[in-house]
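# What the coordinates show
Here is what each chain is made of, one letter per residue.
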Amino acid sequence: MQTEGMLMRATGGPEVLDLLTQLVAKSLVLSEQLPGLGARFSLLETIRQYAHEKLAEAGESESAHDGHLAYYLALAEEAAPALRGSGQAQWVNRLRRENDNFRAAQAWAVHTENAEAALRLASALTYF
């Protein structure tokens, strides 16, 4: 599962911004400012692996994967009509940055036999 880009829209709120700022200052989270898209946060690979282990230990791994799938399905469905409109180039650029996340979400949908989500995701990304 990829977590880039997901944190801000998924949880929002000032406490998340404070936490992210602290993690960026300690070089545990990378921050990138994208024109027209705002901030994008990504975890270092070692931190991502540690987080996956802790989620599994806490029995929260499936819930995290389900949340990831829901977020990226919603993003894909939001993008679908724009991929045929005047904002197409901006959306294609945004979706390219999230391609690994879409693949991870699709893989999770297939792994859990969530055919509806898998088909909706594939359909929404047809023009991408």
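Before any of the text, the structure's been laid out above.
Note that the coordinates shown come from a computational prediction; the quantities given were computed from them, not determined experimentally.

Quick notes on the rules
Residues numbered from 1 in each chain as written. Predicted model: local features only at pLDDT ≥ 70, side-chain atom pairs only at ≥ 80, totals over all residues. Heavy atoms only, no water. Helix = DSSP H or I, 4+ residues; strand = E, 2+ residues; numbered from the N terminus. Expected span 1.5 Å × (residues − 1). Buried < 20%, exposed > 50% of the residue type's maximum accessible area, 1.4 Å probe, protein only. Axes fitted to C-alpha atoms, helices over the stretch in contact; angles between N-to-C directions. Parallel < 35°, antiparallel > 145°, perpendicular 65-115°, else oblique. Left-handed = near helix turned anticlockwise from the far one by under 90°. Contact = heavy atoms within 4.5 Å. Nonpolar A, V, L, I, M, F, W, Y, C, P; charged D, E, K, R; others polar. Polar contact = N/O pair within 3.5 Å; in protein donor to acceptor, adjacent residues only side chain to side chain. Phe/Tyr/Trp six-rings, centres within 6.5 Å; stacked < 30°, edge-to-face > 60°. Core = buried A, V, L, I, M, F, W, Y, C linked by side-chain atoms within 4.5 Å.

### Some points on helix α4 (residues 61-82)
Across its 22 residues, α4 extends 32 Å between first and last C-alpha, which sits within 8% of the 32 Å expected from 1.5 Å per residue. Along α4, the residues that are buried comprise A64, H65, H68, L69, Y71, Y72, L73, L75, A76, A79, A80 and A82.

### Examining the packing of α4 against helix α6 (residues 99-111)
Viewed as axis vectors pointing N to C, α4 and α6 meet at an angle of 120°, and their least axial separation amounts to 9 Å. With respect to α6, the axis of α4 lies oblique. Viewed along their axes, α4 and α6 form a crossing whose handedness is left-handed. Listed contacts from α6 to E62, H65, D66, H68, L69, Y72, L75 and A76 of α4 are N101, F102, A104, A105, W108 and A109. Its residues assigned to classes, the contact of α4 with α6 comprises nine nonpolar, three polar and two charged.

### Notes on the side chain of R40
On the secondary structure map, R40 appears in strand β2 (residues 38-43). On the basis of relative accessibility, which here comes to 11%, the residue R40 falls in the buried class. Here the side chain of R40 touches E98 through a polar contact of 2.5 Å, side chain to side chain.

### Topic: the packing of aromatic side chains
Following the criterion strictly, the structure yields two aromatic pairs and no others. Measuring from ring centre to ring centre gives 4.7 Å for Y71 and Y72, while their planes differ by 80°; the resulting arrangement is edge-to-face. Across the pair, exposure class does not vary: Y71 and Y72 are buried alike. When the centroid spacing of 5.6 Å and the interplanar angle of 85° are considered together, the rings of Y72 and F102 count as edge-to-face. With Y72 in helix α4 and F102 in helix α6, this pair connects stretches of sequence that are 30 residues apart.

### A closer look at the nonpolar core
W91, L95, F102 and L121 are the most contacted members of the largest nonpolar core, which has 22 residues in total. If you list the elements that add at least two residues to this core, you get α4, α5 (88-97), α6 and α7 (115-124). Ranked by residues supplied to this core, first place goes to α4 with nine residues. Excluding anything up to four places from it in sequence, L121 contacts Y72, L73, A76, F102, A105 and Q106. By size, the runner-up hydrophobic cluster in this structure holds five residues, among which are V16, L20, V29 and F41.

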